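In case you want the letters, here they are:
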Amino acid sequence: MAALCFTFLLRHMTPEKFYVEACDDGADDVLTIDRVSTEVTLAVKKDVPPSAVTRPIFGILGTIHLVAGNYLIVITKKTKVGEFFNHVIWKATDFDVLSYKKTMLHLTDIQLQDNKTFLAMLNHVLNVDGFYFSTTYDLTHTLQRLSNTSPEFQEMSLLERADQRFVWNGHLLRELSAQPEVHRFALPVLHGFITMHSCSINGKYFDWILISRRSCFRAGVRYYVRGIDSEGHAANFVETEQIVHYNGSKASFVQTRGSIPVFWSQRPNLKYKPLPQISKAANHMDGFQRHFDSQVIIYGKQVIINLINQKGSEKPLEQTFATMVSSLGSGMMRYIAFDFHKECKNMRWDRLSILLDQVAEMQDELSYFLVDSAGQVVANQEGVFRSNCMDCLDRTNVIQSLLARRSLQAQLQRLGVLHVGQKLEEQDEFEKIYKNAWADNANACAKQYAGTGALKTDFTRTGKRTHLGLIMDGWNSMIRYYKNNFSDGFRQDSIDLFLGNYSVDELESHSPLSVPRDWKFLALPIIMVVAFSMCIICLLMAGDTWTETLAYVLFWGVASIGTFFIILYNGKDFVDAPRLVQKEKID
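Computed from a prediction, not measured in an experiment: that's the story for all the values here.

1. Some thoughts on helix α6 (residues 284-299)
Compared with the 22 Å implied by 1.5 Å per residue over 16 residues, the 22 Å span of α6 between its first and last C-alpha is a close match. Along α6, the residues classified as buried are H284, G287, F288, H291, F292, Q295 and Y299. All buried residues of α6 project into a common sector of 115° when viewed along the axis, lining one side. Among the residues trailing α6, G300 stands out with phi positive, at a value near 95°.

2. Details of the packing of α6 against helix α7 (residues 315-328)
Orientation of α6 relative to α7, taken along the N-to-C sense of each, is 75°, at an axis distance of 11 Å. Classed by the angle they form, the pair α6 and α7 counts as roughly perpendicular. Residues H284, M285, F288, Q289 and F292 of α6 form the contact with α7, whose own contacting residues are F321, M324, V325, S327 and L328. Here the contact of α6 with α7 is built from residues that sort into seven nonpolar, three polar and no charged.

3. Section: the pattern of salt bridges
What the rule picks out here adds up to 23 salt bridges. For K45, the salt bridge goes to E21, with nearest N and O atoms at 3.8 Å. With K45 in the loop between β4 (40-44) and β5 (53-57) and E21 in strand β2 (residues 17-22), this residue pair connects regions lying 24 residues apart in the sequence. Given the relative accessible area of 13%, E21 is considered buried. Across the pair E314 and R395 runs a salt bridge whose closest N-O atoms are separated by 3.6 Å. Here E314, found in the loop between β16 (301-306) and α7, pairs with R395, found in helix α10 (residues 394-415); they are 81 residues apart in sequence, far enough to count as distant. Neither E314 nor R395 differs from the other in exposure class; each is buried. Salt bridges here are not isolated pairs; linked through shared partners, they connect R145, D163, R165, R213, E239 and E241.

4. Details of helix α1 (residues 109-126)
Taking 1.5 Å as the rise per residue, α1 with 18 residues should run 26 Å; its terminal C-alpha atoms sit 26 Å apart, in good agreement. Taken residue by residue, α1 has D114, N115, T117, F118, M121, L122, V125 and L126 as its buried positions.

5. Thoughts on the packing of aromatic side chains
Scanning the model with the defined rule gives 17 aromatic pairs in all. Seen from their ring centres, F18 and Y100 are 5.5 Å apart, and the 70° between their planes marks the pair as edge-to-face. With F18 in strand β2 and Y100 in the loop between β8 (87-99) and α1, this residue pair connects regions lying 82 residues apart in the sequence. By relative accessible area, which is 3% here, Y100 ends up buried. When the centroid spacing of 4.6 Å and the interplanar angle of 85° are considered together, the rings of F84 and F85 count as edge-to-face. Residue classification places F84 among the buried positions, given a relative accessible area of 2%.

Conventions adopted
- Residues numbered from 1 in each chain as written.
- Predicted model: local features only at pLDDT ≥ 70, side-chain atom pairs only at ≥ 80, totals over all residues.
- Heavy atoms only, no water.
- Helix = DSSP H or I, 4+ residues; strand = E, 2+ residues; numbered from the N terminus.
- Expected span 1.5 Å × (residues − 1).
- Buried < 20%, exposed > 50% of the residue type's maximum accessible area, 1.4 Å probe, protein only.
- Arc of directions from axis to C-beta.
- Axes fitted to C-alpha atoms, helices over the stretch in contact; angles between N-to-C directions.
- Parallel < 35°, antiparallel > 145°, perpendicular 65-115°, else oblique.
- Contact = heavy atoms within 4.5 Å.
- Nonpolar A, V, L, I, M, F, W, Y, C, P; charged D, E, K, R; others polar.
- Salt bridge = Lys/Arg side-chain N within 4 Å of Asp/Glu carboxyl O.
- Phe/Tyr/Trp six-rings, centres within 6.5 Å; stacked < 30°, edge-to-face > 60°.

Everything listed here is a matter of coordinates, which is why it stays silent on function.
In structure tokens form, the structure reads like this:
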């Protein structure tokens with residue numbers, strides 16, 4: 001039996017040590033962390049001093065080293081997502097970040113400020129919704145991968161057997177990972193989205209589950225992380241699995257999304273849509289082949305659906321992607337280019353059926369995973385649809401939801417839930433659950449990558465494109481614009497710190513956080529805002545004469561417009577760029 005994680009924990013704290021006590025039935029283990037030497041050992045309950053300050057916790061996220069020294073991160077609140085296969089799934093909703101040090105007197109003022117900033121970064125990531133865990137079930141693997149494992153795999157701890165692509169606290173758990181005897185305290189945590197629903201069609205009850213696993217490799221925010229890295233890891237890679245559980249039988253359908261797998265970037269520069277830049281120096285085929293070699297090993301055949309525009313600024317990316325697939329010449333890959341915006345312009349979203357009809361035969365060939373109530377594998381999924389648009393968010397999620405519905409239709413008919421000839425979209429109660437869940441999935445993935453909810457969710461929720469939906473898309477686009485230009489540097493730094501892409505060295509002579517901002521970064525945007533505001537005030541509060549009012553409006557109007565063009569002309573001087581990992585990862 002696998003060494004599962006402890007479910008019930010108590011955290012005891014003394015000035016010298018942290019104690020994490022396992023309170024499961026029959027457990028006597030206590031994880032001990034020396035706050036001075038940082039040594040991790042295993043003790044027993046009688047070793048916990050009565051004077052220790054005690055509080056319940058629900059898991060150890062790990063440890064991290066900052067300027068002030070080490071910190072222990074623990075889960076202090078959780079909410080139940082649901083149960084499947086008799087396993088409880090939880091969402092972590094609050095955390096404590098505990099310093100090993102009892103005082104900060106050993107730090108200089110600059111070090112104190114840097115440590116405060118690093119803590120703010122850490123808390124920023126922890127406050128992003130979407131951390132999930134189970135102490136008894138491996139959330140990082142699909143049903144099909146779990147069915148094809150050895151007895152030795154089943155004996156491993158949850159941390160050892162986890163798919164490291166989806167363990168977001170893997171870096172934080174590195175010290176516990178090195179000591180197998182404490183692995184039951186090491187809780188792998190997934191980042192993404194999970195929803196579970198008990199549903200009924202034709203009086204037959206089944207569980208329907210949607211899981212999106214966000215990769216921690218080449219993770220980051222929208223404009224600062226694009227394309228692939230030298231290892232072939234794609235930005236914003238997400239594995240989404242749809243699961244059905246009925247009368248002991250289990251079925252799943254897996255899809256993936258990820259950035260266009262060549263070396264390209266799209267750094268913010270205050271323009272609404274910065275031009276994508278394809279690297280001229282990089283070996284695209286090397287990274288491209290690394291990406292798809294791993295994808296074929298993990299998932300099998302690849303049906304690539306590229307949803308970006310086939311004209312304008314996106315056209316070179318589509319052409320490069322198509323050329324790479326053609327040059328690789330692999331029989332395991334099929335490439336479908338579908339210009340989403342062109343085909344669906346004027347709100348003609350019914351034309352998505354063109355794409356579904358085009359790939360229907362391929363989807364039937366890929367099939368899905370199905371295991372019967374006796375545990376016998378009836379069908380295997382032979383490959384996946386790998387979908388992408390520019391962000392792998394909005395257009396991608398729409399298409400994935402439609403492909404998943406088609407697979408679910410086939411699964412429920414085979415399981416006997418749907419009668420012959422019945423259509424899933426005609427089941428009003430289930431359709432509402434289904435559409436809202438996929439829209440929630442879109443919002444979760446979008447907030448984690450772009451900083452706002454997804455676009456086009458009115459179609460995902462209702463099956464129709466609405467004018468209100470267009471207005472909401474405009475609002476979210478404005479918020480994205482602001483965040484991508486003025487706060488995403490901090491967000492990117494936070495993720496890099498959390499995942500271990502940047503390690504804090506308190507002995508470092510020059511802190512990257514001490515790099516001063518150019519005066520223009522703060523001054524000109526403020527001037528522009530003040531000038532624009534004064535222009536509006538002058539219009540609202542007319543002076544004694546229209547001549548005077550017009551003079552004020554012209555002055556402040558010219559000031560605001562002039563400042564805007566100065567900023568736009570040299571936009572990169574004003575965006576909030578990351579400071580911790582300076583090297584562009586596509587180089």
